[in-house]
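Read off the chains here:
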Amino acid sequence: MAAFMQGMGCTDYAALHAVSIREQERFWRAVWDLGGVIGEPGELALQGADTMLGARWFPEARLNFAENLLRGNDSPGANPDALVFRSEDKIARRLSRVELRQQVARMAAAFRTCGLQPGDRVAAYLPNVPETIIAMLAAASLGAVFSSASPDFGVQGVLDRFGQIEPVVLLACDGYWYNGKRIDVQPRLADILAGLPSVRCMVLVPCLGDALTVSTESTLTLDEFLAPHHRAQEPDFLRLPFDHPLYIMYSSGTTGVPKCIVHGAGGTLLQHLKEHRLHSDLHEGDRLFYYTTCGWMMWNWLATGLASGATLMLYDGSPFLHHGRVLWEYAEAERFTHFGTSAKYIDALAKIHLKPREHFGLSAMRVLMSTGSPLLPESFDFIHRDISPTVQIASISGGTDIVSCFVLGNPALPVWRGEIQCAGLGMAVEVWDEEGQAISGQKGELVCTRPFPSMPVGFWNDADGSRYRAAYFERFPGVWCHGDYCERTLHDGFVIHGRSDATLNPGGVRIGTAEIYRQVEKLDEVQESIVVGQDWQGDVRVVLFVRLREGLSLDATLEARIRQTIRDNTTPRHVPAKILQVADIPRTRSGKIVELAVRRVLHGEPVKNVEALANPEALALFRERVELRD
Ligand SMILES: CC(=O)CC(=O)O
């Protein structure tokens, strides 16, 4: 970051950020050069910059996403690993860059025999295994569009997603390991295939460690699929326009069928190169880990790490195996330089009093990244005290919608407790009040006022773009409104106070849900909480649900302490009118608690898209609670 800053003629980050917005063409061309993007940039870096929706990035460029990820130094002594993989303690593998290229070449050749054309969809119902990366790269090498769902989705969840995009090829696993249990998904596959009439080839990928024998007319095992192509050594890369679709990803909302968000190859590549090389200080030979499934955008973000010469550290399974030690054993053994996870995981580690620093050698680790929900100030303390005193804490936030971040880390700036360090370069992030005025030191809406390359190229099946516009550009016409309730701090950092649509409005005062979690989850007794507004006598009252440590029950003393902690650190308005104990809290498969779904249940309204939830049965714990009748 410091070297880049100098190259751009700036002496501090604020100046560099201002240049990246004022001189967008120059900035993004510099990112292209920094990343050594393979391809033709063309003469123009940006057309139609005056409007977010009219902008076109690198309209004359030609490139191939996979070619950029698969480059690499194979010379003796160079970083030999492209991928390292562990499936809990059951399976471990590693692939060199040469092996990865060969496997991509074979998979691409096999895809061609299915008649796969540029723009056709390849869908993967796979865990976070090397084959998912290989399939994505093979699809991208041919200009096909890749879309993945994790195998913890049931039949309906898969059909809600893949059914909309009509894949030509489907890769599916036999199962996966989670918390020491073998989960066989084969019984679901016939129904999935029956619901996807567009699929010409289904490929069964062995992930349980067993030899697979099942093969039918339209289903082949991976070995059978690849066998005719064993001579393929190098993939052919089809260079395509910058905006050529690369990924289709899904919104995880619980208000309707998932939106299919299409991301382009060039925008994804440039944005990730910027976030990896500059904001995450990722270099050739680094070892990049993110705990994610293939159904969360952090998987896509992780994958692009190959373009910076990093080794991807893949893990599939429970992060709490071996009493929460499993990821730290892996980090120590493989000398992770970058460790990415969710704020919930950090919080859970602190709650079980695990102190990785005391048991593991983590000296290689330079950056610890966290996302999914706001990282609590206490978690910053925990990380430096009990994980590493020197690691850079990079709390990052953006989402599937942009397959990247609006606000994130920065190795050239200090880290302030509880704050996200900065707005991303090239991202014209502001916080706006209700009237659309930029504010600082107060809470408002996170907006982005200028185009950036990783805006979606559109939504699938949305020919006139109306659903895309409605999703981001209606609250403030023509400006991206992300739906995060947020605050810019004195240090030009950011604090996210929750999702805007989940803010509570008791007495007309807007309260972000994270403001309450921050207090409640300090208490040792509370494992997790969820807060919603209940419509009550013409107003809204704040209702807090807590999941307590095993064996505890909510008594008057604990209730009073919860109220007191909230009152002491916030305002009397934040203090819940009701506090109730629950045995579980519903969350999406990427670990986000679902306030809107709980609110709907409380009001007797139906919840759609329950397939997006990891534990939909938990919704019943909120239904018709007698305590909420008065
Ligand atoms: C970067 C992110 O914002 C990831 C997420 O929380 O979905």
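Residues numbered from 1 in each chain as written. Predicted model: local features only at pLDDT ≥ 70, side-chain atom pairs only at ≥ 80, totals over all residues. Heavy atoms only, no water.

Side note on the site of the ligand
Near the ligand, the surroundings consist of Trp-296, Met-297, Met-298, Thr-371, Gly-372, Ser-397, Gly-398, Gly-399, Ser-404 and Lys-592. Within the contact set of the ligand, an oxygen atom lies 3.0 Å away from a side-chain nitrogen or oxygen of Trp-296. In this structure, an oxygen atom belonging to the ligand sits 3.4 Å away from a side-chain N or O atom of Thr-371. Taken by itself the ligand offers 240 Å² of open surface, and the protein chains cover 95% of this. Where the shell around the ligand is concerned, the elements lending two or more residues are helix H11 (297-303) and strand E22 (397-399). Of the residues forming the shell around the ligand, the biggest block, three residues, is contributed by E22. Partitioned by chemical class, the residues of the shell around the ligand number three nonpolar, six polar and one charged. (Near = heavy atom within 4 Å. Polar contact = N/O pair within 3.5 Å; in protein donor to acceptor, adjacent residues only side chain to side chain. Areas by Shrake-Rupley, 256 points an atom, 1.4 Å probe, with all protein chains shown as cover. Helix = DSSP H or I, 4+ residues; strand = E, 2+ residues; numbered from the N terminus. Nonpolar A, V, L, I, M, F, W, Y, C, P; charged D, E, K, R; others polar.)

Observations regarding the sheet that holds strand E26 (residues 443-448)
A sheet is described by the order of its strands in space; here four strands give the open sequence E25-E26-E28-E29, paired in antiparallel fashion. Pairing within the sheet leaves two strands with one partner each, and these edge strands are strand E25 (429-432) and strand E29 (494-499). The average angle at which neighbouring strand axes cross in this sheet is 45°, direction not considered. Where E25 and E26 come together, four bridges link them in antiparallel fashion. Paired with Glu-430 across the strands is Val-447, a residue of E26. Its contacts with the sheet put helix H18 (residues 513-520) on E26, strand E28 (480-488) and E29, and the angle it makes with E29 is roughly 100°. (Pairing = 2+ DSSP bridges. Axes fitted to C-alpha atoms, helices over the stretch in contact; angles between N-to-C directions. Contact = heavy atoms within 4.5 Å.)

What about the domain arrangement of the protein?
By domain assignment, the protein separates into domain 1 (2-318 + 396-494) and domain 2 (504-628). The straight-line distance from the C-alpha centre of domain 1 to that of domain 2 is 33 Å. Contacts between domain 1 and domain 2 engage 18 residues on the former and 16 residues on the latter. Summed over the shared surface of domain 1 and domain 2, the number is four salt bridges. A salt bridge links Arg-589 to Asp-152; the nearest nitrogen and oxygen atoms lie 3.9 Å apart. Inspection of the domain 1/domain 2 interface yields six residue pairs in polar contact (both at pLDDT 80 or more). For the side of domain 1 that touches domain 2, the elements supplying multiple residues, two or more each, are helix H7 (155-165) and E26. (Domains from an automatic or database assignment. Salt bridge = Lys/Arg side-chain N within 4 Å of Asp/Glu carboxyl O.)

Looking at the pairing of strand E15 (residues 245-250)
Burial runs high along E15: five of the six residues are buried. Both E15 and strand E16 (residues 260-264) contribute to a ladder of five bridges, which runs antiparallel. Looking across to E16, one finds that Tyr-247 is bridged to His-263. (Buried < 20%, exposed > 50% of the residue type's maximum accessible area, 1.4 Å probe, protein only.)

Notes on the UniProt feature "domain: AMP-binding enzyme C-terminal" (unreviewed entry) in the protein
The UniProt entry lists residues 522-592 under the feature "domain: AMP-binding enzyme C-terminal" (unreviewed entry), expressed in the numbering used here. Each end of residues 522-592 is marked by a C-alpha atom, and these two atoms are 19 Å apart; helix forms 20% of the span and strand 35%. (UniProt positions renumbered as here; feature names shortened; annotations may be inferred.)

Observations regarding the packing of aromatic side chains
Per the stated rule, a full pass over the model turns up 32 aromatic pairs. The interplanar angle of 25° and the centroid separation of 4.9 Å between the aromatic rings of Phe-289 and Phe-336 together place this pair among those described as stacked. Of this pair, Phe-289 sits in strand E17 (residues 287-290) while Phe-336 is found in the loop between helix H13 (326-334) and strand E19 (338-342), placing the two residues 47 residues apart along the sequence. Pairwise contacts between aromatic rings join Phe-289, Tyr-291, Tyr-315, Trp-328, Tyr-330, Phe-336 and Phe-339 into one cluster. Over the face of the ring belonging to Trp-177 we find Lys-90, whose NZ or CZ atom lies 5.0 Å from the ring centre. The ring of Phe-153 has Arg-589 lying over it, and the distance from NZ or CZ to the ring centre is 4.5 Å. (Phe/Tyr/Trp six-rings, centres within 6.5 Å; stacked < 30°, edge-to-face > 60°. Lys NZ or Arg CZ within 6 Å of the ring centre and 35° of its normal.)

Thoughts on the sheet that holds strand E1 (residues 39-40)
Two modes of strand pairing occur in sheets, parallel and antiparallel, and in both the strands are linked by backbone hydrogen bonds. Overall, antiparallel pairing links the three strands, which are arranged E1-E4-E14 in an open sheet. In the strand order of this sheet, the two ends are held by E1 and strand E14 (240-241), each with one partner. In the sheet, strand E4 (residues 62-63) pairs with E14 via two bridges, with the strands oriented antiparallel. Counterpart to Arg-62 in the pairing with E14 is Pro-241.

Focus: H7
The buried fraction of H7 amounts to eight of the eleven residues, a majority that puts the element mostly inside the structure. Turning to H7, its buried residues are Gly-157, Val-158, Leu-159, Asp-160, Arg-161, Phe-162, Gln-164 and Ile-165. Looking at the packing, one finds that the buried side of H7 touches strand E7 (121-125), strand E8 (145-149), strand E9 (169-173), helix H8 (186-194), E15 and E16. Residue Glu-166 follows H7 closely and has a positive phi angle near 50°.

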